Amino acid sequence: MHQRCCRRLPPLYFLRRGIHSTSAPTPADAATDATLLGRLTRLLLLHRFSAAASLLSSSAPLTPALLHAALRRVRLDPDAALHLFRLAPSRPSLLAHAQLLHILARARRSADARTLLASLLSARPPAPPLFPHLVEVYKDFTFSAASFDLLLRALANAGHLDGALQVFDEMRKLGCRPTVRSCNSMLNRLTQAGDLGTVVAVFEQMQHAGTLPDEFTVAVMAKAYCRDKAVAHAAEFLEEMKNMGVEVNLVAYHALMNGYCELGRTEDARRVLESLPSIGLSPNVVTYTLLVKGYCKEEKMEEAEGVIREIMKNKQLAVDEVAYGAVINGYCQRGRMEDATRLQNEMINIGLQVNLFVYNSIINGYCKLGRMVEAHKILHEIEDAGVRPDTYSYNSLVDGYCRKGLMTKAFEICDMMVRNGFTVTILTYNALLKGFCSLGSIDHALRLWFLMLKRGVAPNEISCSTLFDGFIKAGKTEKALNLWKETLARGLAKNITTFNTVINGLCKIGRMPEAEELLGRMKEWRCPPDSITYRTIASGYCRTGDMVGAIRIMNEMEGVGFAPSIEMFNSLITGLFIAKQCGKVDDILSEMSTRGLSPNTVTYGALIAGWCKEGDLEKAYNLYFEMSGKGLTPNLFICSSLVSCFYRKGKVDEANLVLQKLVDTDMIPDISATRLEIGKLANALDTVAGGNLRSAKIMWNIVIFGLCKLGRIEDAKNMFADLKGKGFVADNFTYSSLIHGCSTSGFLDVAFGLRDEMLSVGLTPNIITYNSLIYGLCKSGEISRAVSLFRKLQSKGISPNAITYNTLIDKYCKDGHITEAFKLKQRMIEDGIKPTVFTYSILIHGLCIHGYMEEAIKLLDQMIENNVHPNYVTYWTLIQGYIRCGNMKEISKLYDEMHIRGLLPTHMAGDVKQACPVAYNQNGKACHMKMYC
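The notes below deal with the structure included here. (Residues numbered from 1 in each chain as written. Predicted model: local features only at pLDDT ≥ 70, side-chain atom pairs only at ≥ 80, totals over all residues. Heavy atoms only, no water.)

**So, a negative patch on the surface**
Thinking step 1. Residues D861, E865, D896 and E897 make up a contiguous surface patch of negative charge.
Thinking step 2. Breaking the negative patch down by element, the ones donating at least two residues are helix 49 (853-865) and helix 51 (888-900).
Thinking step 3. On the secondary structure map, E865 appears in helix 49.
Thinking step 4. The exposure class assigned to E865 is exposed, which follows from its relative accessible area of 64%. (Patch = residues over 30% accessible without salt bridge, like charges linked within 9 Å, V, L, I, M, F, W, Y side chains within 5 Å. Areas by Shrake-Rupley, 256 points an atom, 1.4 Å probe, with all protein chains shown as cover. Salt bridge = Lys/Arg side-chain N within 4 Å of Asp/Glu carboxyl O. Lys, Arg positive; Asp, Glu negative; His and termini not counted. Charge placed at Lys NZ, Arg CZ, Asp CG, Glu CD. Helix = DSSP H or I, 4+ residues; strand = E, 2+ residues; numbered from the N terminus. Buried < 20%, exposed > 50% of the residue type's maximum accessible area, 1.4 Å probe, protein only.)

The following block contains the structure:
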């Protein structure tokens, strides 16, 4: 299983000796200093070190030749050798280092040997390789092979991997076997460097050399396989080692679990955890924390928090700050700040210290949501707790204020950061640059750029890309290009990210020849284009409808080894519609399938928008159903494309129905923010609309509807007023959304005022509008006004529907007017409207509440005879009625019927939400749902 592709271990090259190197003393040299050498070595062997120092200071300096000769004579006395080495007036030669290392290795003075090697390897400038001199001394002294192993481990620990590999290779040629500890050090460093091929090769050669692996070797190898995403190999390896009798410890299984978690396979990691007791290992808090991190990575926050509860239930374990911190960070990453603060308080209550990681996670979470007041409070909380904020704390706040456009506040944080002893880094400058560019304050961004250069902070690829992108978005492409050339002249911006940003800017304004010219210059400047470069240029051609250019770039991309991605094909689909070549779309889809690529939401968006522009609504709608069937959720762009097509064909009612069915508040950018930023939202929607006024109007309707759906009526009203001031012309859907929202929230006067405003601008309210008003009146207890409005519908030319009747029937039942409710049901039938399951369920609920169980059962039989199938709510209402009566026999019968019909209690909430305007809780109380469910 270890026969994986790996690079050949580098051969050992004997580099020429540098300034630290000198040859061994010749006999003549020794003879010249024979007397001095004899006296010096006698004093050293007698451990008269002060006398030895005096001798050297009074007679002759300690030359390299004298040092080498003396070390050779005292090679059996490590103390004498060490003192002599320290008497050298300058850094001793590499040969002297090799002699002393052998002497210390023979005497098993490992600590002194490690100190010697650490000093040598940290020397500046770096010393040439020591290994050739070790070999030379080894042959002269005939000891000690342990010195090679000490050098191997020192090189590995210092990160000098090429040197370590050379020593490892040459040791085998000398017949010296490296220790397992040194091999582990080298394997671990190679793993950290991500060189799995060499890790496997070293492991195999280590075994060939007779060095048996231990539990640390196994753990490192498991980690290496998992870092390379070869988790299956890691699992096989651990099993193989176990079968060989090598101990496999908990650290190795942690590596395997982490490997699974990194691949999004946390359930597999859980299975590993559950298997540990059977092999004699006890999971610890680290084991469980790996699961926590895995679930957080997969966005399964409830499961992650559940693991915390598991740890707390285990009396052998104590939950720690790391486990809590991982879950809190997970909640913060997903904007669930209430859950994050709940767990923070829980930490404090059980006596755990809130550390800087947790505080920083919460600051970052608030900043991402734009909740800067709360974020700033956490900074004060950190200081009050005696924890010192770090650069991450301050940079998160700077970035948060910049995202909000509050640049003055951002600079205040920078000042605070400097006052507290921190340096403003490139990360800080990048956030400030992005803030200015987002506001369109390009001149301020440029001044900051030059200030950065003046202060000696070198811009990185993010700085360059941010500034260039800001210029391009502001329509100042020429200035962006000039700045880019100036930056290149300074030796900056020659990186792939910056090139791609400039190319993207050129493509957006249709300057395709210049974009391609830049592609060629990238190759000349040894900054090879990546797949994004090619995709950007191909997309540029697609936007202009130049499919020949797009296909040519795609072919060139494949020629250099990049496979076209789903994004590339999405651009080609859009380009074909722009080029009026929709007949070739099926060919593109077929090629995608051949390459194993499946359409994603963007693909369907391009197809639906394309067919809508072609006027083929049937194809577009079929594609919508196809994507829904595959579990893909339509986005704002898809929704607006379909609605625009309906509007163009004059099908306004159908368009409104599509909006009601398709709109999900998740489509709307930043709608969950506490304070809605209309300007920021407008920019996002204008980008999606692409300058199309009809699409923009539809999207604003979606936003208003979404706000009403969330119950944020004030935000919806304020937005509506703001939009009207900017020339927005509301339609039926806009008013219906607002009227429904106001009615539901009890703002009846506002709702009726909006109805009157509709009429004044020439719009005719439809049944949806009046149903909202009737519902609002019923909810507010004004049944007489609701009935009065109901009776006026016919005179307005509007026919009530099932929702109208069900709303009124429900109100009569709640008020105990059962007779009036049944009269309305009869009128409903006379008007040609068939009572629905909701109609019957409402009436049954009314009968049960007042104890009329016999009549309720008769009504159940009647609805079944009329081919109206009872749902869970119907049966649950009857069961609650019989519970109040204490008739358990009838309850049993009803449960039997429910099981026969496949109505299981666990699905109550889902069924009600999907289908019924009235839902019932377990106390038998009725609670209205939104009319547009």
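Let's pick the thread back up.
**Some points on the packing of helix 31 (residues 531-543) against helix 32 (residues 547-559)**
Thinking step 1. Close contact between helix 31 and helix 32 brings their axes to 7 Å; oriented N to C, the two are set at 165 degrees. The orientation of helix 31 with respect to helix 32, classified from their angle, is roughly antiparallel. Crossing angle aside, the handedness with which helix 31 passes helix 32 is left-handed. Residue-level inspection shows S531, Y534, I537, A538, Y541 and C542 of helix 31 in contact with helix 32, the latter providing M547, G549, A550, R552, I553, E556 and M557.
Thinking step 2. Looking at the contact of helix 31 with helix 32 residue by residue, the classes come out as 9 nonpolar, 2 polar and 2 charged. (Axes fitted to C-alpha atoms, helices over the stretch in contact; angles between N-to-C directions. Parallel < 35°, antiparallel > 145°, perpendicular 65-115°, else oblique. Left-handed = near helix turned anticlockwise from the far one by under 90°. Contact = heavy atoms within 4.5 Å. Nonpolar A, V, L, I, M, F, W, Y, C, P; charged D, E, K, R; others polar.)

**Looking at the side chain of S463**
Thinking step 1. Locating S463 in the fold gives a position in helix 27 (residues 461-473).
Thinking step 2. Judged by relative accessible area, S463 falls into the buried class, the value being 0%.
Thinking step 3. Every residue in contact with S463, bar those within four places of it in the chain, is listed here: I426, N430, L433, W449 and M452.

**A word on helix 3 (residues 49-58)**
Given 3.6 residues per helical turn, the α-helix brings residues three or four places apart onto the same face.
Thinking step 1. Three or more residues of helix 3 are buried, namely F49, A52, L55 and L56. Each buried residue of helix 3 sits inside an arc of 115 degrees when the element is viewed along its axis, so together they form one side. Residues of helix 3 that are exposed and point over 90 degrees away from its buried face: S50, S57 and S58. (Arc of directions from axis to C-beta.)

**Brief notes about the packing of helix 22 (residues 372-384) against helix 23 (residues 391-404)**
Thinking step 1. Interaxial distance between helix 22 and helix 23 falls to 10 Å at its minimum, and their mutual angle equals 165 degrees. The angle between helix 22 and helix 23 places the two elements in the roughly antiparallel class. When you trace helix 22 past helix 23, the crossing you get is left-handed. Touching M372, A375, H376, L379 and E383 of helix 22 are S393, Y394, L397, G400, Y401 and K404, all from helix 23.

**Points about unusual backbone geometry**
Thinking step 1. Going from R124 to P125, the amide bond is cis rather than trans, its omega being 0 degrees.
Thinking step 2. Structurally, P125 can be placed in the loop between helix 7 (110-121) and helix 8 (131-141).
Thinking step 3. Here the phi dihedral of H47 falls at roughly 65 degrees; this positive angle occurs in a residue that is not glycine.
Thinking step 4. Within the element layout of this structure, H47 appears in the loop between helix 2 (34-45) and helix 3.
Thinking step 5. Unusually for a residue other than glycine, N867 sits at a positive phi of about 60 degrees.
Thinking step 6. Take N867: it is sitting in the loop between helix 49 and helix 50 (872-885).
Thinking step 7. A relative accessible area of 59% means that N867 is categorised as exposed.

**Re the side chain of N732**
Thinking step 1. Considering the arrangement of structural elements, one finds N732 in helix 42 (residues 732-744).
Thinking step 2. With a relative accessible area of 15%, N732 lands in the buried category.

**Brief notes about the packing of aromatic side chains**
Thinking step 1. Within this structure, the stated rule accounts for 16 aromatic pairs.
Thinking step 2. For the pair W484 and F499, a centre-to-centre distance of 5.6 Å together with 80 degrees between the ring planes defines the contact as edge-to-face. Of this pair, W484 sits in helix 28 (residues 477-489) while F499 sits in helix 29 (residues 496-508); the two residues are 15 residues apart in sequence, bridging distant segments of the chain.
Thinking step 3. For W484, a relative accessible area of 2% gives the class buried.
Thinking step 4. In this structure F499 comes out as buried when scored by relative accessible area, which is 0%.
Thinking step 5. Ring centres of Y621 and F625 lie 5.0 Å apart, and the angle between their planes is 80 degrees; this geometry places the pair in the edge-to-face category. (Phe/Tyr/Trp six-rings, centres within 6.5 Å; stacked < 30°, edge-to-face > 60°.)

**Describing the pattern of salt bridges**
If the charged atoms of two oppositely charged side chains come close together, the side chains can form a pair.
Thinking step 1. A full pass over the atoms with the stated rule returns 38 salt bridges.
Thinking step 2. A salt bridge links K297 to E262; the shortest N-O distance between them is 3.8 Å. Of the two residues, K297 is situated in helix 17 (residues 285-297) and E262 in helix 15 (residues 250-262); the sequence distance between them amounts to 35 residues.
Thinking step 3. On the basis of relative accessibility, which here comes to 46%, the residue K297 falls in the partly exposed class.
Thinking step 4. Salt bridges sharing partners connect three or more residues here, namely E302, E305, R309, R336, D339, R342 and E346.

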